[in-house]
Amino acid sequence: MKVQFNKLTLAMLGLGLSSMALASDPLYPQQWHLHNTGQDGFSASSGTPGQDLNTQLTQAFGIAGVGVKVAVIDTGVQIDHPDLAQNVVTGSLNFMEDTGYPADYPFDYHGHGTSVAGLIAAVGNNNEGVRGVASSASLVGYNYLGAQSMEAWLASHGATKESADVRVFNQSYGFSPIDPITYLPETDPELALIEQVTADVSANAQYGRGAVFVKSAGNGYRYFNTGNFFVLPGDFFAGGNNLGLPMHNSNQSYDNVNYFNFVTSATDANGQRTSYSSVGSNVWVSAPGGEYGRDFPAMVTTDLMGCEDGSNTSAGLGENQLHGGTEYDPSCDYTSTMNGTSSAAPNTSGVIAAVMSTNHALSARDVRALVVDTARKTDNDHPGVALDFVNAQGETVSYQAIDAWQENAAGYAFHAYYGFGTPDLDAAMSKARMTNSVLPQLQTTEWQNVTADVAIPDASLAGGESVMKVESNLTVEQVQVRLTLDHARLPDLAIELISPAGTRSVLLTPRNGLVGQALNPEITGFDSQIMASNQFYGENAKGDWTLRAVDTNGEEVFSFIAYINRDNIFQIPLNNNAEDGVIKSWDMRIFGH
Amino acid sequence: MLKVTLTSLAILASGSALAAANGHLKELAVPVQIEQSQTVEVNGQTYQRIITQATGQEVADTIALFAGDQVAQGAFNQVSKATGTFFVAVTPNTDVKALAKDLGLTLVFTNGETAVLRASEDANLLQVSDVLRNDSRVDSVKIELSRNKNKPE
């Protein structure tokens, strides 16, 4: 390991603070997400120095999540892993039957959860393995993904005594539907329960200091798994890329629209969107997730113990520099191929836990706000994504489906790929030391409704639009919309919301994976389809809000691919809408203060 | 049963494209082939209740749904399992404990406005749902169907 001393390090040494150069976690030097020096993470190439969570000062101060309990809600966690055990506290639960493990050992049937746990809270400076972002946080694990009942959800998400003292809930999981989903908690008690519980736990957990739910955005930019098959763009095997647009927009999944889920997308070792990360206007931040660890760096973290299980096994010798029982890890207890927004979320969870431990007086809500306020723009020159299409008049026109970084009227920069940017732990920690309160109490407006009955012309930038006048004077944190419209081919549509200040946010990008109409002709459009945007953060809510739906596709036939396995691949057509779409009505509510 | 006819296309993808994609595209199992089923309406939607040897022919002749039963829906026979629990939204000031006791259900969780109630193992969930729906203290009811929809990301 090459040791480098810069001025900061020397200053820290002078103050008696530990230097990262003297770190005693053998694999820490390859954990680029904590300190990116251009290392390769055991892959075939290097990242860009500086593209990381900016953790050096926080680590030098010894701030590591002490006293903060983090729950890994996942495939399970090997809580006896040598690099996790010291941070594990009582409270883990095994929801699965017939595992052979006791009720308090969250049997990890996959390895995913063990890797997630390591990113958050692998023990630091213990001469073993890797280091978590919050390397002294208290850890519990739940194998909820192996038995997804509501009882298990309640027990693992803070609603019952088992998890009532958890302050950070990491949810590196999700679902990606192809059908629109009616979102009406008013008549669906399951949706109502989830909303009520997440709101209650967020505000009231741990003697009123609250908790943060961190959520992965999804891994569906190129394609996504809808449960039975992968949904690929129609030109995928011909080398197409869905015209540069995401197949899974984060807003397709209603759990990503929950205000209390701090949705995180993923960046690579160069600070750019990973090849797979889902994106959308409901993303809050974008944390390191890495690529696949063979050609480009992924995450270096804990793995299922031994060379028989997990991502690092004997059979993997040669796939990268770490795996297969190499000198770096003879016992195969670590992996260098963990990735996904499944990694971005725990990296964010670790940041939040570390900031919480900086100042235990801060509420969860305040810590979330600090992370947003101090997030660092990344990939600054990304131009966004323009979609060219032939309109109904036969002209080629261009629709800006994803904007470049935009500054809203309150001065916050936002990008649908990155939210407000990459969490900057040192900056958030520094601010947390100086304040005991960041935001006033959360207020939420009632759903306000407008009946529109506005046509959406086929293949036209003109679109259909509807205006809602809002009287509330709240400062916006998040806006949620529920949209009801008729359209026979939903992926044609882009859905936008424009604030009174003129900020435009694309709630749903076109050419998305809402292709369920091809398999179920009974789907006629959206029925209270919920979407959210964080892009108006800090703006005033009062005034006219404009919803627009733009049909960007006049092609007669458009298709997607349903991929089950190499012997079962289906090209499925979606015919163009024979009639113009119609915005029938929409609701909106605002979370703010 | 597929609602539409799918054209199975042998994708003539280049070896490299397929290999590159398949490096990360997992091979999934083909959809479940259902041998015997019964049409049931659950939560206002139509499902096929999968009849197995365990279900038994006698039970199969009754429109019913029990905890542990599997139901399928959609073109690809997406399978869910009835857990035996209900989501219930109650009217204001309802004593949820009393409601549960009156109807012979176990109260799993409540926050006053909504509740999760569990039926006994041998209860016909469709009948329990009807009873709940007809109780003046209940605004809405939903039978829990779990299909492990969330995947690690």
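Parameters at a glance
- Within every chain, residues take consecutive numbers counted from 1 along the sequence as written.
- Working convention: letters from A go to chains and numbers from 1 go to ligands, in the order in which they are written.
- Selection of residues for local features in this predicted model requires a pLDDT of at least 70, selection of side-chain atom pairs for listing and counting requires 80 or more, and totals for whole chains, interfaces and linings are taken over all residues.
- Calculated side-chain values reflect all of the structure's heavy atoms, with hydrogen atoms and water omitted.
- A pairing counts as a salt bridge when a side-chain nitrogen of Lys or Arg comes within 4 Å of a carboxyl oxygen of Asp or Glu.
- Segments assigned H or I by DSSP are reported as helices when at least four residues long, segments assigned E as strands when at least two residues long, and all are numbered from the N terminus.
- Exposure classes here rest on a 1.4 Å probe applied to the protein chains alone. A residue is buried below 20% of its type maximum, exposed above 50%, and partly exposed in between.
- If DSSP finds at least two bridges between two strands, the strands pair.
- A pair of sulfur atoms, both from cysteines and within 2.5 Å, is called a disulfide here.
- An arc is given here, and it is the one of the directions from the helix axis to the C-beta atoms.
- Whether two residues are in contact is decided by their heavy atoms, any of which lying within 4.5 Å being enough.
- Once two parts are brought into contact, the accessible area they lose, counted with a 1.4 Å probe and summed over both, makes up the buried area.
- The definition of a polar contact used here is a pair of N or O atoms within 3.5 Å, where within protein one atom must be able to donate a hydrogen and the other to accept one, and adjacent residues in sequence count solely through side-chain atom pairs.
- For this classification, Asp, Glu, Lys and Arg are treated as charged, while Ala, Val, Leu, Ile, Met, Phe, Trp, Tyr, Cys and Pro are nonpolar and the rest, including Gly, are polar.
- Helix axes are fitted only over the stretch in contact, all axes being lines through C-alpha atoms; the angle between N-to-C directions runs from 0 to 180 degrees.
- The scheme is simple: roughly parallel for angles under 35 degrees, roughly antiparallel for over 145, roughly perpendicular for 65 to 115, oblique for anything else.
- Throughout, a crossing is termed right-handed when the near helix is turned clockwise from the far one, and left-handed when it is turned anticlockwise from it by less than a right angle.
- Cavities and pockets were defined on a 1 Å grid built over protein atoms only: a cavity is a set of grid points that admits a 1.4 Å probe from which the probe cannot escape, a pocket is an open set flanked by protein on both sides within 12 Å along at least five of seven lines, and lining residues are those with an atom within 4 Å of any such point.
- Grid points are joined across faces, edges and corners, and a volume is the space filled by probe spheres set on the points.
- What counts as a domain boundary in this text is fixed by an automatic or database domain assignment.

Explain the pattern of salt bridges here, please?
Any two side chains of opposite charge can pair, so long as their charged atoms come close to each other. Enumeration over the complete set of coordinates arrives at 26 salt bridges over all chains. For A:K215, the salt bridge is made with A:D255, and the minimal N-O distance between the two is 3.7 Å. In this pair, A:K215 sits in strand β5 (residues 212-216) while A:D255 sits in the loop between β7 (230-233) and β8 (261-267), placing the two residues 40 residues apart along the sequence. A:D255 matches A:K215 in its accessibility class, with the two residues each being buried. The residue A:R566 makes a salt bridge to B:E27 at a minimum N-O spacing of 3.7 Å. Separated into two different chains, A:R566 in the loop between β24 (557-565) and β25 (568-575) and B:E27 in the loop between α1 (15-22) and β1 (37-42) make up a pair that spans both. The exposure class of A:R566 is partly exposed, given its relative accessible area of 48%.

What is the right way to look at the pairing of strand β21 (residues 504-508) of chain A in this model?
Moving residue by residue along a regular strand, the side chains alternate between the two faces of the sheet. Residues and elements named next belong to chain A. The buried fraction of β21 amounts to 4 of the 5 residues, a majority that puts the element mostly inside the structure. The sheet contact formed by strand β20 (residues 493-498) and β21 spans 4 bridges and is antiparallel. Considered in β21, the bridge of I498 is made with R504. Following β20, the chain reverses through 5 residues before pairing antiparallel with β21; G502 in that reversal takes a positive phi of roughly 95°.

Looking at this structure, how should I read the state of the cysteines?
One covalent bond between the sulfur atoms of two cysteine residues makes up a disulfide. Residue and element names in this part refer to chain A. Inspection of every chain in the model, using the stated rule, returns 1 disulfide over all chains. Covalently, C307 is tied to C332 through a disulfide, its sulfur atoms 1.9 Å apart. An S-S torsion of about 85° defines the bridge between C307 and C332 as right-handed. Of this pair, C307 sits in the loop between β10 (299-302) and β11 (334-338) while C332 sits in the loop between β10 and β11, and the two are 25 residues apart along the sequence. For the pair C307 and C332, one class covers both residues: buried.

Looking at this model, I keep getting lost on helix α8 (residues 425-432) of chain A. Mind explaining?
An α-helical turn contains 3.6 residues, so any two residues separated by three or four positions project in the same direction. Residues and elements named next belong to chain A. When α8 is considered as a whole, its buried residues turn out to be L425, D426, A428, M429 and A432. Summarising the axial view, the buried residues of α8 lie within an arc of 165°, below the 170-degree limit, and thus occupy one face. Along its buried surface, α8 packs onto α2 (56-60), α6 (341-358) and α7 (364-374).

Got a minute to help me understand the interface of chain A and chain B in this structure?
How big an interface is tends to be stated in terms of the accessible area lost upon association of its parts. On the side of chain B, 48 residues touch chain A, which itself brings 60 residues to the contact. Summed over both partners, the interface of chain A with chain B buries about 4,600 Å², with 59% contributed by carbon and sulfur atoms. Counting across the chain A and chain B interface gives 5 salt bridges. There are 25 residue pairs in polar contact (both at pLDDT 80 or more) connecting chain A and chain B. When residues of the side of chain A that touches chain B are traced back to their parent elements, those giving at least two are α4 (150-156), β4 (173-174), α5 (189-208), β5, β7, α6, β24 and β25 of chain A. Sorting elements by how many residues they give to the side of chain A that touches chain B places α5(A) first, with 6 residues. Residue classes in the side of chain A that touches chain B are distributed as 29 nonpolar, 24 polar and 7 charged. Summarising the sheet, β4(A) and strand β8 (residues 151-152) of chain B pair through 2 bridges and their orientation is antiparallel. Residue A:G174 lies in a different strand from β8(B), and its bridge partner there is B:K151.

Even after reading the chapter, I still don't get the packing of α7(A) against α8(A), so can you show me in this structure?
Helix packing for two helices is described by the angle between their axes and how far apart those axes are. Residue and element names in this part refer to chain A. Where α7 meets α8, the axes come as close as 9 Å, and the angle between the chain directions of the two elements is 130°. Considered as vectors, α7 and α8 are oriented oblique to each other. Considering how the two elements wind past one another, α7 and α8 form a crossing that is right-handed. Of the residues in α8, those in contact with L370, D373 and T374 of α7 are A427, A428, K431 and A432.

When you look at the sheet that holds strand β6 (residues 224-225) of chain A in this model, what are you seeing that I'm missing?
Within a sheet, neighbouring strands are paired by backbone hydrogen bonds and run either parallel or antiparallel to one another. All names here are of chain A. Spatial ordering of the open sheet is given by β6-β7-β24-β25, a layout of 4 strands whose pairing is antiparallel. The open sheet is flanked by β6 and β25, the only strands paired with a single partner. Judged from the 8 bridges that link them, β24 and β25 form a sheet pairing that is antiparallel. Among the inter-strand pairings, F560 is bridged to a residue of β25, identified as I572.

Help me out: how do you make sense of empty space enclosed by the protein in this one?
Gaps left between atoms show up when a probe the size of a water molecule is rolled over them. Residue and element names in this part refer to chain A. Enumeration according to the criterion identifies 6 cavities of 30 Å³ or more in this entry. The volume enclosed by the largest cavity comes to roughly 110 Å³. Lining the largest cavity are 17 residues; nearest its centre among them are I402, D403, A416, V506 and Q535. When contributions to the lining of the largest cavity are tallied by element, the ones reaching two or more residues are β13 (396-402) and β21. No other element matches β21, which puts 3 residues into the lining of the largest cavity. Of the residues that make up the lining of the largest cavity, three or more belong to each of domain 1 (7-218 + 253-374) and domain 2 (443-592).

Whenever I open this one, the layout of surface pockets confuses me. Can you help?
Space inside the second largest pocket adds up to approximately 1,500 Å³. Lining of the second largest pocket is provided by 43 residues; of these, A:N219, A:Y292, A:N339, B:H24 and B:K26 occupy positions nearest its centre. Where the lining of the second largest pocket is concerned, the elements lending two or more residues are α3 (112-121), β6 and β11 of chain A together with α1 and β8 of chain B. Taken together, the residues that form the lining of the second largest pocket break down as 12 nonpolar, 22 polar and 9 charged.

Teacher, can you tell me more about the packing of α6(A) against α7(A) here?
All names here are of chain A. Two elements in contact, α6 and α7, have axes whose closest approach is 10 Å; the angle formed by their N-to-C orientations is 120°. Of the two elements, α6 crosses α7, and the hand of that crossing is right-handed. Residues V351, I352, V355 and M356 of α6 form the contact with α7, whose own contacting residues are A364, V367, L370 and V371. Looking at the contact of α6 with α7 residue by residue, the classes come out as 8 nonpolar, no polar and no charged.

Mind showing me how you'd approach α3(A) here?
Across the 10 residues that make up α3(A), a large majority, 10, are buried. Of the positions making up α3(A), those classed as buried are A:H112, A:G113, A:T114, A:S115, A:V116, A:A117, A:G118, A:L119, A:I120 and A:A121.

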